[in-house]
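Fold and geometry: a report
Read off the chains here:
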Amino acid sequence: MSAPTADAAEFAILGKDAKALRALGAERHLSLSDLEWSAIQAHFKSLRREPTLAEVETLAQTWSEHCKHKTFTSPIRFTEGRKTRLIKNLFAETIVAATESVKKSWCLSLFEDNAGVVAFGKKWALAFKAETHNHPSALEPYGGSETGVGGVVRDVLGCGLGAKPVLNTDTFCVGRPDYAGALPEGAHHPARTLRGVIAGVRDYGNRMGIPTAGGGLWFDDDYRLNPLVFCGTVGVLPQWAVKKEVKPGDLIVAVGGRTGRDGLHGATFSSADLGADAPSSAVQIGHAIQEKRVLDALLAARDRRLYRSVTDCGAGGFSSAVGELGAKCGARVRLEDAPLKVADLDSWEIWLSESQERMVLAVPPKNLKALQAVFAAEHCELAVIGEFTRTGRLLVTHHERTVVDLDMKFLHKGLPRAQRDAVWQAPGSSKPSGGATLKLADALKKMVGHLNVCSREWVIRQYDHEVQGGTVIKPLQGVRHDGPGDACVIWPHAATGDMKDPMGFSVAHGMNPEYGRLDPYWMALACADEALRNLTCVGADPGRAALLDNFCWASPEDPRQLGALVRAAEGCRDAAKGYGAPFISGKDSLFNQSKDEKGKDLPIPGTLLVSAIAPVPDTTKAVTMDFKGPGNALYLIGRTNDELGGSLYHKVLGRAGGEVPKVTSPATALDGFKSLHAAINRGLVQSAHDLSEGGLALAAAEMGFTGEFGCLLDLDELPRDPRIYTHDVLLFSESPSRILVEVRPEDESAFLRHFGKGAKSAPVRRVGSTMANPILKVVGLDGSVLLEEPLKELKEAWQKTLPGMLE
Amino acid sequence: MSVRVQPSHTHFVEVRLKPEYADAEGAAALALLRGQGLTSIREVRVSRLYELKGPVTANHASSAARDLLGDPVTHESRLVSPAASPLNGMNFWRVEVWLKPTVTDPVGETVREAFAEMGLPRPDTARCALVYRLNGRATKPQIEKAVAKSLANPLIHRVVVSESHP
């Protein structure tokens with residue numbers, strides 16, 4: 001290790017050729033492209049000096065994929081079949097454009113802050129953000145997912161003037177826990193990764209006192225080297241605290257943890273393929289208790305209005321936080337004033353360290369004393385490390401030596417945009433082919449026990465989903481509290497103090513990488529549809545839903561991968577427009593591919609997680625998915641088409657091809673959701689469950705074994721494409737926008753009055769009834785009995801899979 | 001001018017469940033080790049080992065072990081010597097899993113602060129390791145390999161395997 005301040009010396013890049021610069025970048029894990037190197041070279045040439053090491057590190061970090069989302073914001077030459085067009089900025093042309101066209105007055109902050117913010121009643125607002133922490137979790141699953149939760153909690157804490165976290169969500173994509181193939185040196189077995197990431201989310205969320213009550217699990221062996229860890233947080237804040245601004249003269253105050261050598265190069269590391277040479281410094285262990293102290297002190301200071309702006313120290317540490325806060329004015333930082341964990345840190349290490357549990361505030365000097373008292377009361381450290389200026393420059397010194405002196409404009413706007421090529425080739429024949437044939441009953445039993453459907457109780461029971469006392473609809477439901485819920489409903493008023501307000505909110509997810517293998521465009525629409533119908537099922541208002549996108553993709557340098565990503569982004573655009581649901585925030589994680597044991601690239605399947613949030617106007621009317629009694633009518637909303645492409649049924653049979661489920665008319669789907677919402681709000685619905693993996697058969701089975709009542713379904717009554725004559729399609733097709741609803745006989749006519757009869761209205765039809773005998777009975781088109789399965793057996797098959805593999 | 005140098009000591013405090021209590025953490029670790037092929041291991045018991053450096057006397061360490069680091073009802077604690085214990089040939093192994101010095105140890109940090117809150121001198125550093133006591137026949141390389149694939153991650157952990165007392 002070189003002596004402190006040695007890095008303030010020059011870092012010679014002028015006159016070096018591309019090869020030498022590339023070597024320099026590789027040595028320091030800078031992940032800068034040739035184009036970026038030459039922009040840096042040109043800038044310092046015009047200044048007639050060499051940069052310092054800290055300056056190059058600051059630029060590399062600020063310009064990293066992680067911080068600037070280069071792929072989404074740079075020009076792309078997109079070739080689809082024979083047509084080629086130029087996309088100038090994928091993000092602006094899809095996600096942002098759709099959100100702007102949808103225009104909702106209740107969106108209070110979009111894309112600019114650390115999280116998206118929507119209004120929640122007249123006084124309050126909800127901040128929602130989902131992050132990924134994939135690369136760190138691949139190296140160290142426990143620490144990676146733990147700091148993933150810590151990071152997204154700080155995002156919400158650093159949103160506006162600070163929101164109080166009231167819900168955590170977690171979604172994991174991992175290899176099968178019983179994977180028996182070879183793995184490259186240094187890779188963790190998927191079972192170990194899964195145990196680790198669950199433990200990390202559990203320990204951080206539970207220790208901070210935030211309920212973890214939503215999420216999902218997806219198993220696919222292509223995730224075995226690059227597991228995906230999505231962590232989400234919802235926070236509640238008063239509407240006056242949504243806006244923030246930094247004024248020149250405000251002090252730069254660092255609060256929370258001390259700065260150490262942890263997590264160096266986390267941001268630049270996310271811009272590179274994951275390989276055996278990953279720097280161990282990119283991995284950290286979280287300190288939940290420290291973050292809880294920061295949370296408590298910060299919210300106390302917020303309510304006394306002691307600071308003007310706040311942001312979290314995420315990837316890039318002080319460099320990123322101070323750089324962002326001071327982007328419009330300028331900042332002057334003295335590194336010697338930052339509290340350190342160890343004394344021997346180089347200046348650039350202090351500046352770039354990604355030590356966890358730190359936040360940066362902009363504090364008017366007159367408030368400093370009061371702020372110090374608030375933080376001291378929580379045993380939380382606080383240090384003034386500089387001030388915001390009017391100079392438009394970022395000036396960092398360490399013991400009077402200049403370490404960084406950069407123009408904010410060059411830092412934030414100087415990134416050269418490289419054009420990339422993208423290719424999309426629509427898949428050929430969609431006819432299903434191959435695979436075995438199974439009896440319907442056997443297929444159903446296999447499907448309920450399939451890893452992507454089976455009970456998640458083994459995971460969910462590790463999380464505290466009750467803390468804060470507002471979890472109205474819990475992740476596990478039914479008479480024995482062990483059935484699969486569609487979404488959680490949270491009543492957050494323990495945090496607001498409005499104890500008489502019955503309004504809550506719900507968070508739901510949609511994800512299906514199998515559809516993406518066939519067509520990422522339809523996958524995106526299906527994901528948004530799934531998230532919205534899950535929300536609707538529990539009683540949330542689908543007309544007030546806001547969405548988050550999280551794209552996880554392989555290398556965008558492969559034109560086919562980038563082409564698929566463009567398709568998915570365009571699907572998101574059309575989903576937002578079609579459902580009138582704006583995207584309020586999002587994140588992308590690229591380069592999720594690694595060399596497998598044979599040295600071949602193993603990319604993950606293109607993965608999109610759509611998270612949705614919507615208010616539940618009256619949480620006392622929220623609905624769970626279990627059958628409530630015998631003799632009730634079962635209605636199916638939505639039309640069934642022959643859409644088995646990427647379905648669980650095909651997966652179980654080993655069949656390829658088929659039509660991917662398509663949302664051809666989001667407006668019709670939304671009409672169905674809104675009608676159902678109105679009926680739920682009037683107390684006319686006993687239970688509702690969305691049809692997703694496994695289609696109608698699986699949804700009915702789950703509602704049955706969770707409520708311990710049977711049901712009789714008549715396939716001839718299904719609203720459907722009249723060309724379907726096969727029973728397996730009707731039972732297992734995964735056509736989107738469908739919900740199975742239980743209604744008491746006396747409420748049927750009132751229920752039906754909520755549904756329109758126009759051409760654009762969603763179809764709704766009575767398809768059967770519940771019964772006391774706990775079996776799933778299905779009558780086919782010809783009147784014969786197709787299925788007569790005891791629910792107990794189905795439930796056992798559904799419950800034993802995960803414990804069988806992990807215990 | 002005279003400079004008073006604070007005496008600096010290093011103490012190791014081990015806190016473990018009393019033998020009459022079932023050790024769920026140990027059972028989970030046993031299942032993981034067996035999953036890695038160490039089927040000859042019959043039992044695993046887990047304890048925590050704290051390394052305290054700084055102006056802390058043996059008395060301070062003992063009182064913290066009793067009142068802070070363990071539960072006096074279910075745990076027993078003792079000051080241990082870092083020296084390797086004499087071999088006894090009884091097929092007992094001791095596996096210590098420490099976080100590497102470059103990785104932040106949140107438990108250790110909290111222990112440091114808690115010392116001060118108890119009115120004891122604050123240690124300069126405190127680190128916490130998990131100690132697995134394995135009962136069963138195996139070779140050291142077998143244990144090291146199985147631990148690296150289940151209980152520890154070589155990227156962030158330092159593992160010390162030694163033969164030990166029951």
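Conventions and cut-offs
- Residues numbered from 1 in each chain as written.
- Chains lettered and ligands numbered in written order.
- Predicted model: local features only at pLDDT ≥ 70, side-chain atom pairs only at ≥ 80, totals over all residues.
- Helix = DSSP H or I, 4+ residues; strand = E, 2+ residues; numbered from the N terminus.
- Buried ≥ 20, exposed ≤ 12 C-beta atoms within 10 Å, placed from the backbone.
- Contact = placed C-beta atoms within 7 Å.
- Pairing = 2+ DSSP bridges.
- Axes fitted to C-alpha atoms, helices over the stretch in contact; angles between N-to-C directions.
- pLDDT = per-residue confidence, 0-100.
- Nonpolar A, V, L, I, M, F, W, Y, C, P; charged D, E, K, R; others polar.
- Core = buried A, V, L, I, M, F, W, Y, C linked by C-beta atoms within 7 Å.
- Expected span 1.5 Å × (residues − 1).
- Parallel < 35°, antiparallel > 145°, perpendicular 65-115°, else oblique.
- Left-handed = near helix turned anticlockwise from the far one by under 90°.

**A look at the overall build of chain B**
Each helix and strand counted, chain B has 4 helices and 6 strands in total. Of the regular secondary structure in chain B, the N- to C-terminal order runs β-α-β-α-β-β-α-β-α-β. Split into buried and exposed, the 166 residues of chain B put 33% on the buried side. Within chain B, counting contacts between residues at least 6 apart in sequence, those at least 24 apart form 77% of the total.

**Overview of the sheet that holds strand E5 (residues 124-132) of chain A**
All names here are of chain A. Strand order in the open sheet made by the 6 strands is E3-E4-E5-E8-E6-E7, with mixed pairing throughout. The open sheet has two edge strands with one neighbour each: strand E3 (107-109) and strand E7 (212-219). Geometrically, the sheet is characterised by an average inter-axis angle of 20° between neighbouring strands, direction not taken into account. Note: E3 against strand E4 (residues 116-120), 2 bridges, orientation antiparallel. Following the sheet pairing, Cys 107 is matched in E4 by Val 118. Against the sheet, helix H8 (residues 141-157) engages E5, strand E6 (164-174) and strand E8 (228-238), with an angle of about 25° to E8. Across the sheet, helix H9 (residues 190-208) lies against E6, E7 and E8, angled at about 180° from E6, the strand it touches most.

**With respect to the confidence of the model for chain A**
Residue and element names in this part refer to chain A. Of the residues in chain A, 96% reach a pLDDT of 70 or more, and the chain-wide mean stands at 92. Confidence drops under a pLDDT of 50 for residues 1-7, and excluding neighbours within four residues, the segment shows 17 contacts in the predicted structure. Across residues 271-278, confidence stays below pLDDT 50; counting only partners more than four residues off in sequence or on other chains, it has 21 contacts.

**Considerations on the interface of chain B and chain A**
For interface size, the figure often reported is the accessible area lost on association. Taken residue by residue, the interface counts 11 residues in chain B and 15 residues in chain A. Per-element tally for the side of chain B that touches chain A: the top contributor is helix H3 (residues 106-117) of chain B, with 3 residues. The residue inventory of the side of chain B that touches chain A, partitioned by class, reads 5 nonpolar, 5 polar and 1 charged.

**A word on the sheet that holds strand E30 (residues 739-743) of chain A**
Residue and element names in this part refer to chain A. Strand order in the open sheet formed by 7 strands is E28-E30-E27-E31-E29-E32-E33, and the pairing between neighbours is mixed. Both edges of this open sheet fall to strand E28 (687-690) and strand E33 (785-790), since each of them pairs with a single strand only. Averaged over all adjacent pairs, the angle separating strand axes in this sheet is 20°, with direction ignored. Inspection of the sheet shows strand E29 (residues 710-714) paired to strand E31 (residues 764-771) by 4 bridges, in the antiparallel sense. Paired with Gly 710 across the bridge in E31 is Met 771. Those strands touched by helix H20 (residues 520-538) are E28 and E30, and its axis lies near 170° from that of E28.

**Quick notes on the pairing of strand E14 (residues 393-398) of chain A**
Looking along a regular strand, one sees side chains alternate from face to face of the sheet. All names here are of chain A. Side chains Leu 394, Val 396 and His 398 project from E14 onto a buried face, and the interleaved Arg 393, Leu 395 and Thr 397 project onto a face without burial. Note: strand E11 (residues 331-334) against E14, 4 bridges, orientation parallel. Paired with Val 333 across the strands is Val 396, a residue of E14. Two elements, E14 and strand E15 (residues 401-407), share 6 bridges in a ladder whose sense is antiparallel. When the bridges of E15 are listed, Arg 393 appears paired with Asp 407. Where E14 folds back on E15, the antiparallel hairpin that results is connected by 2 residues, among which His 399 adopts a positive phi of roughly 50°.

**Description of the environment of Asp 262 of chain A**
All names here are of chain A. Mapped onto the elements of the fold, Asp 262 is located in the loop between strand E9 (251-256) and helix H10 (266-269). With 24 C-beta atoms counted inside 10 Å, the residue Asp 262 sits in the buried group. In the structure, Asp 262 is positioned 124 residues away from Ala 138 in sequence and 17 Å away in space, judged by C-alpha atoms.

**Looking at the nonpolar core**
Core analysis: the biggest nonpolar cluster contains 238 residues, and Leu 126, Val 360, Ala 528 and Leu 547 of chain A have the highest contact counts within it. At 13 residues, the largest contribution of residues to this core is made by H20 of chain A. Discounting residues that sit within four places of it in the chain, Leu 126 of chain A has contacts with Val 117, Val 118, Phe 120, Val 234, Val 236, Phe 505 and Ile 613 of chain A. Membership of the second largest hydrophobic core comes to 43 residues, among which are Val 95, Val 103, Leu 134 and Ala 146 of chain B.

**Describing helix H23 (residues 666-681) of chain A**
Residue and element names in this part refer to chain A. Given a rise of 1.5 Å per residue, 16 residues ought to cover 22 Å, and the 22 Å separating the end C-alpha atoms of H23 matches this to within 8%. H23 sits mainly inside the fold: 12 of its 16 residues count as buried. Where H23 is concerned, the buried positions are Pro 666, Thr 668, Ala 669, Leu 670, Asp 671, Gly 672, Phe 673, Ser 675, Leu 676, His 677, Ala 679 and Ile 680. The inward-facing, buried residues of H23 abut H20, helix H21 (559-579), strand E27 (633-637), E28, E30 and helix H26 (748-752). Phi turns positive one or two residues past the end of H23, at Gly 683, with a value near 75°.

**A look at the environment of Asp 124 of chain B**
Residue and element names in this part refer to chain B. In this structure, Asp 124 sits in the loop between H3 and strand E5 (125-136). C-alpha separation for the pair Asp 124 and Arg 112, spaced 12 residues apart in sequence, amounts to 7.7 Å. With residues up to four places along the chain from it excluded, the contact list for Asp 124 reads Lys 53 and Gly 54.

**Examining helix H24 (residues 695-707) of chain A**
All names here are of chain A. Its 13 residues give H24 an end-to-end C-alpha distance of 19 Å, which sits within 8% of 18 Å, the value for a rise of 1.5 Å per residue. The element H24 is extensively covered by neighbouring structure, given that 13 of its 13 residues are classed as buried. Glu 708 sits one or two residues past H24 and shows a positive phi near 60°.

**Looking at the packing of H21 of chain A against H23 of chain A**
All names here are of chain A. Two elements in contact, H21 and H23, have axes separated by 8 Å at closest approach and are oriented at 50°. Accordingly, the angle class assigned to the pair H21 and H23 is oblique. H23 is crossed by H21, and the crossing has right-handed handedness. In contact with Ala 575, Gly 578 and Tyr 579 of H21, H23 contributes Pro 666, Ala 667 and Leu 670. Residues of the contact of H21 with H23, tallied by class, amount to 5 nonpolar, 1 polar and no charged.

**Observations concerning the pairing of strand E1 (residues 9-17) of chain B**
Note: E1 of chain B against strand E2 (residues 41-54) of chain B, 8 bridges, orientation antiparallel. Directly across from His 9 of chain B, in E2 of chain B, lies its bridge partner Gly 54 of chain B.

**Section: the packing of H24 of chain A against helix H27 (residues 791-806) of chain A**
All names here are of chain A. Two elements in contact, H24 and H27, have axes whose closest approach is 9 Å; the angle formed by their N-to-C orientations is 100°. With respect to their mutual orientation, H24 and H27 come out roughly perpendicular. For the pair H24 and H27, contact is made by Ala 701, Gly 704 and Phe 705 and by Leu 791, Leu 794 and Lys 795, respectively. Taken together, the residues of the contact of H24 with H27 break down into 4 nonpolar, 1 polar and 1 charged.

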